[in-house]
2 protein chains.
Amino acid sequence: MTGPEPKEKAKVWATLAEEARRRIRDREWAPGTTIPNEATLAQEWGVSRVTVSRALGKLAEEGLLDRRRRAGTRVVERPQRAASFEVGLIRDEVERTGRRYGYEMIEAGEHQVPEHVRDRLGITTQPRVMRILARHLSGGEPFAWEERWINGGTVPEALDVDWRHQSPNEWLLHNVAYTWADVSLTAALSGPRSSRALGCEEGSALLMLERTTWLGKWSVTHVAYCYAPGHRMWSRS
Amino acid sequence: MTGPEPKEKAKVWATLAEEARRRIRDREWAPGTTIPNEATLAQEWGVSRVTVSRALGKLAEEGLLDRRRRAGTRVVERPQRAASFEVGLIRDEVERTGRRYGYEMIEAGEHQVPEHVRDRLGITTQPRVMRILARHLSGGEPFAWEERWINGGTVPEALDVDWRHQSPNEWLLHNVAYTWADVSLTAALSGPRSSRALGCEEGSALLMLERTTWLGKWSVTHVAYCYAPGHRMWSRS
DNA sequence: TTGGTTAATATGTATATACATAATGCTTCG
DNA sequence: CGAAGCATTATGTATATACATATTAACCAA
């Protein structure tokens, strides 16, 4: 009479991961101690070892557990989860807040490369290099100031682009695949140009994000974004 | 005569993930297009579907692929990988550079809670709150300035700790488990106290990291770190 | 004791298999 | 013609099984 019972085996491994997280949080599995092995937990929880492995593997990824062959799985001493800050397109960042995005080119052209940019781009020869100065707006208000350098040795097409209506980041994302990037964050005082562009006083404290992008072993671009004063990057961990 | 050939089936899924990454990078699998399904790739690569799934799942985690049931797997339009900044103990940060770490308490005691801290801690009542001012040294040089608030309502033990020889972060990590934290980054101008502690001019630009830590729904602590001028946080994506 | 070989063990990877689930697209019915 | 329903399909999850690999622990010889 009982029809085929409604199966509800959804995401067992996620449930187990949650249970393990709870045990760590409540110190049932104390920091530094070794937890029961996969086989034991599999039996206790009535699932296969593979499923337990997936759950614990997830926690290991998050940095809560340290797993080693033969040695077993132990709770890390100080579970410090990395805070992760997403750094994507400025446009997206603005539009996510519901405001209208705007882009204004200030200046673009080939330019001599200063020392610190040359270092970042790993340039030894003297390729043609494009420099673009621009600003990004959020709901009409200044949002960020951009100083962009593009390595013409790696991306010759960039030398002939009209940057007045198209931001370098978007052009590059659509035209150059990149493999990896170095990103750094620092604080800087606004100078004459950036304070004019951002509509703030000279000597304001600005959050500055720099990114150098590489295509294999060739550098593509180096960019410095200075956000308007008071800008805050958020992360939840 | 040929002995048992040396097996070398190490990490097939990682190799496949790498191959898939290459195809995306080289635009064999163009942005926005749907790639062959798991069964096809499994056959092409001579492995099981589960292994293909694991490899592609990894790329999906990295944000390069978008996978949906029935719809298939497609290459995302703009593969923007998140830059991730690790924020742990200042001590570790210093010692990783090979320099000697130092901690100096400047002031500690119960203190009235200013408005902006009250907001961060989500405080409505008037609990006793501890404030600790301190600085962190790297090889004898000022490294960071810390302004710490600890919610005595959540952590009463903190009201009786001697903070002269023990940094709040380390005490908290060893004595309070936390479940999650809000972290934010911003730039600030150094004031009289922080510039004295950091040995810099007033009005320098400082990278400021703030973190609010929660135990369940109770706030534990709010801290602001101001790094010495020129400090840079790095990330590779 | 020292040092190196060996056995035991917990995790890591891979396979075949089965069924669940979500989304698509086709069909059918009003 | 449009909405409802249904079959199809690609991914998602779980299992049992097998073997690989790293590391500890035990053992034995010099």
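These figures come from a predicted structure and were not determined experimentally. (Residues numbered from 1 in each chain as written. Chains lettered and ligands numbered in written order. Predicted model: local features only at pLDDT ≥ 70, side-chain atom pairs only at ≥ 80, totals over all residues. Heavy atoms only, no water.)

Right, let's get into the domain arrangement of chain A. Partitioning chain A into domains gives domain 1 (12-75) and domain 2 (90-227). The centre of domain 1 of chain A, based on its C-alpha atoms, is set 44 Å off from the matching centre of domain 2 of chain A. (Domains from an automatic or database assignment.)

Below, the discussion takes up the packing of helix 1 (residues 12-25) of chain B against helix 2 (residues 38-45) of chain B. Residue and element names in this part refer to chain B. Interhelical geometry of helix 1 versus helix 2 gives an angle of 110° and a closest axis separation of 13 Å. By the angle class used here, helix 1 and helix 2 are roughly perpendicular. For the pair helix 1 and helix 2, contact is made by L16, E19 and R23 and by L41, E44 and W45, respectively. In the contact of helix 1 with helix 2, the residues fall into three nonpolar, no polar and three charged. (Axes fitted to C-alpha atoms, helices over the stretch in contact; angles between N-to-C directions. Helix = DSSP H or I, 4+ residues; strand = E, 2+ residues; numbered from the N terminus. Parallel < 35°, antiparallel > 145°, perpendicular 65-115°, else oblique. Contact = heavy atoms within 4.5 Å. Nonpolar A, V, L, I, M, F, W, Y, C, P; charged D, E, K, R; others polar.)

Here we come to helix 1 (residues 12-25) of chain A. All names here are of chain A. With 14 residues, helix 1 should cover 20 Å at 1.5 Å per step; its first-to-last C-alpha distance of 20 Å lies within 8% of that length. Taken together, the buried residues of helix 1 touch helix 2 (38-45), helix 3 (49-62), strand 1 (65-68) and strand 2 (72-75). Of the residues flanking the end of helix 1, it is R27, one or two places downstream, whose phi is positive at about 65°. (Expected span 1.5 Å × (residues − 1).)

Turning next to the interface of chain A and chain B. With 48 residues of chain A at the interface, the matching set in chain B holds 48 residues. Summing the contributions of chain A and of chain B, the shared interface buries around 4,400 Å²; its carbon and sulfur component is 52%. Contact with chain B buries surface across chain A, with A:R78, A:F85 and A:R232 losing the most and accounting together for 13% of the total. Where chain A touches chain B, the interface holds two salt bridges. (Buried area = accessible area lost by both parts, 1.4 Å probe. Salt bridge = Lys/Arg side-chain N within 4 Å of Asp/Glu carboxyl O.)

Attention now goes to the state of the cysteines. The final tally for this structure, using the stated rule, is zero disulfides over all chains. A:C200 takes part in no disulfide bond, and the closest cysteine sulfur to it belongs to A:C226, at a distance of 9.4 Å. (Disulfide = S-S within 2.5 Å.)

Another aspect to go through is the sheet that holds strand 3 (residues 101-110) of chain A. With antiparallel pairing, seven strands are arranged side by side in an open sheet as 3(A)-4(A)-5(A)-8(A)-7(A)-6(A)-9(B). Among the strands making up the open sheet, the edge pair consists of strand 3 of chain A together with strand 9 (233-236) of chain B. The average angle at which neighbouring strand axes cross in this sheet is 15°, direction not considered. Against the sheet, helix 6 (residues 168-175) of chain A contacts strand 3, strand 4 (129-138), strand 5 (141-151), strand 7 (205-215) and strand 8 (218-227) of chain A, and its axis sits at roughly 50° relative to strand 5 of chain A. (Pairing = 2+ DSSP bridges.)

Bringing the pattern of salt bridges into the picture now. Residues and elements named next belong to chain B. Taken as a whole, this structure holds 41 salt bridges over all chains when the rule is applied. Residue R91 is joined to E95 by a salt bridge in which the shortest nitrogen-to-oxygen separation is 3.4 Å. With R91 and E95 both in helix 4 (residues 90-96), this residue pair falls four residues apart, about one helical turn. Residue classification places R91 among the partly exposed positions, given a relative accessible area of 28%. We note a salt bridge from E170 to R91, for which the minimum N-O separation is 2.9 Å. One end of the pair, E170, is in helix 6 (residues 168-175); the other, R91, is in helix 4, with 79 residues separating them in the sequence. (Buried < 20%, exposed > 50% of the residue type's maximum accessible area, 1.4 Å probe, protein only.)

Even without glycine at this site, A:R70 takes up a positive phi of about 65°. A:R70 sits in the exposed class, given a relative accessible area of 86%.

This part takes up the packing of aromatic side chains. Residue and element names in this part refer to chain A. One pass over the full model with this rule turns up four aromatic pairs over all chains. Seen from their ring centres, W163 and W171 are 5.5 Å apart, and the 80° between their planes marks the pair as edge-to-face. Each member of the pair, W163 as well as W171, is classed as buried. The ring of W218 has K217 sitting right over it, with the charged end atom 5.9 Å from the ring centre. (Phe/Tyr/Trp six-rings, centres within 6.5 Å; stacked < 30°, edge-to-face > 60°. Lys NZ or Arg CZ within 6 Å of the ring centre and 35° of its normal.)

Turning to a positive patch on the surface, a few remarks are in order. A surface patch of positive charge is lined by A:K11, A:R54, A:R69, B:K11, B:R54 and B:R69. Structurally, the position occupied by A:K11 is in the segment before helix 1. On the accessibility criterion, A:K11 (58% relative accessible area) is exposed. (Patch = residues over 30% accessible without salt bridge, like charges linked within 9 Å, V, L, I, M, F, W, Y side chains within 5 Å. Areas by Shrake-Rupley, 256 points an atom, 1.4 Å probe, with all protein chains shown as cover. Lys, Arg positive; Asp, Glu negative; His and termini not counted. Charge placed at Lys NZ, Arg CZ, Asp CG, Glu CD.)

Taken in spatial order, the seven strands make up an open sheet running 9(A)-6(B)-7(B)-8(B)-5(B)-4(B)-3(B), and their pairing is antiparallel. Two strands bound the open sheet, and with one partner strand each, they are strand 9 (233-236) of chain A together with strand 3 (101-110) of chain B. Shown here is a sheet whose adjacent strand axes are inclined to one another by a mean of 15°, direction ignored. Note that strand 5 (residues 141-151) of chain B and strand 8 (residues 218-227) of chain B share seven bridges and pair antiparallel. Each residue of the ladder has a partner; that of B:E147, found in strand 8 of chain B, is B:A224.

Among the secondary structure elements, B:H231 is positioned in the loop between strand 8 and strand 9. Setting aside residues no more than four positions away along its own chain, B:H231 makes contact with A:L185, A:T186, B:E93, B:F143 and B:L207.

Another point: the relation of the copies chain A and chain B. After a rotation of 180° and a shift along the axis of 0.1 Å, chain A superposes on chain B with an RMSD of 0.2 Å. Considering both components of the superposition, the chain copies are consistent with a two-fold axis. Both copies share a contact surface, since 100% of the interface residues of chain A are interface residues in chain B too. (Least-squares fit on C-alpha atoms with pLDDT ≥ 70 in both.)

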